[in-house]
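Survey of secondary and tertiary structure
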Amino acid sequence: MENNSVFEEFEVKNNFARRRSLLPVWIKIFIWFFLIGGSVATVLLMAGLFLNKVDLSLYGITATHPYTLTGFLLSILLIYKGIVAYGLWFEQKWAPQTAVIDAIVGIAICIIMMAVIPFTVPNISFTIRLELIPLYFYLQKMKQIRKNWENL
């Protein structure tokens, strides 16, 4: 007769596989950057009235205060990236799908900032957005592990 423990749900099984083990090291490093960035963006939105100047920048968009239109957009992007990072680090089932959306939004914003804005706004010059390289690999990796992630 097998004895069942009341703490059985907390015991580690021998065949237990973590979803986090599907992520490569470089994504785990970026997860921590965006967990911190999302937290800082949340604090900046709450403390924005008491701040004179805050430099925010992501994907070629820059702002000097969180309560401007671009500052609010950047804060929302950073908070969303923080939510995605939280989901990936804490192995939420929805995390790979939101990571794919995050990568697509990032690629779209980079392309707009690289190919549209410099030709429509006179004081912004053309720059090559190198963020496209890791965003592309991030998108491919999240698409690749999505099925395995959901099945674990």
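Residues numbered from 1 in each chain as written. Predicted model: local features only at pLDDT ≥ 70, side-chain atom pairs only at ≥ 80, totals over all residues. Heavy atoms only, no water.

**So, the nonpolar core**
Within the largest apolar cluster, 33 residues are counted, with the highest numbers of intra-cluster contacts made by L23, I31, L88, Y138 and M142. Sort the elements by how many residues they give to this core and helix α3 (residues 95–115) lands first, with eight residues. With sequence-adjacent residues up to four places away left out, L88 is seen in contact with L23, I31, A95, P96, A99, Y138, M142 and W149. (Core = buried A, V, L, I, M, F, W, Y, C linked by side-chain atoms within 4.5 Å. Buried < 20%, exposed > 50% of the residue type's maximum accessible area, 1.4 Å probe, protein only. Helix = DSSP H or I, 4+ residues; strand = E, 2+ residues; numbered from the N terminus. Contact = heavy atoms within 4.5 Å.)

**Concerning the environment of L58**
As for its placement among the helices and strands, L58 is situated in strand β1 (residues 56–58). Taking the relative accessible area as the measure of exposure, L58 reaches 12% and is therefore buried. It is 9.4 Å that separates the C-alpha atoms of L58 and E131, two residues lying 73 residues apart in sequence.

**Some thoughts on the side chain of T98**
Mapped onto the elements, T98 comes out in helix α3. Of the residues examined, T98 reaches a relative accessible area of 18% and is grouped as buried. A polar atom in the side chain of T98 sits 2.9 Å from the backbone oxygen of A95. Sequence-distant contacts of T98, defined by excluding residues within four places in its chain, comprise Y80 and V84. (Polar contact = N/O pair within 3.5 Å; in protein donor to acceptor, adjacent residues only side chain to side chain.)

**Topic: the packing of aromatic side chains**
This model, assessed by the stated rule, comprises seven aromatic pairs. Taken together, a centroid distance of 6.4 Å and an interplanar angle of 85° make the contact between W26 and F30 edge-to-face. Residue W26 and its partner F30 are both found in helix α1 (residues 25–47); the two are separated by four residues, about one turn of the helix. You can call F30 partly exposed: its relative accessible area is 37%. With a centroid separation of 5.4 Å and 70° between ring planes, the pair formed by Y136 and F137 is classed as edge-to-face. Accessibility expressed as a relative area gives 44% for Y136, which makes it partly exposed. Residue F137 is classed as partly exposed on the basis of its relative accessible area of 48%. One aromatic cluster is present, formed by W26, F30, F33 and F34 through successive ring pairs. Here R20 stacks its cationic end above the ring of W89, 4.0 Å away from the centre of that ring. Here the basic side chain of K81 rests over the ring of F34, its NZ or CZ set 4.6 Å away from the ring centre. (Phe/Tyr/Trp six-rings, centres within 6.5 Å; stacked < 30°, edge-to-face > 60°. Lys NZ or Arg CZ within 6 Å of the ring centre and 35° of its normal.)

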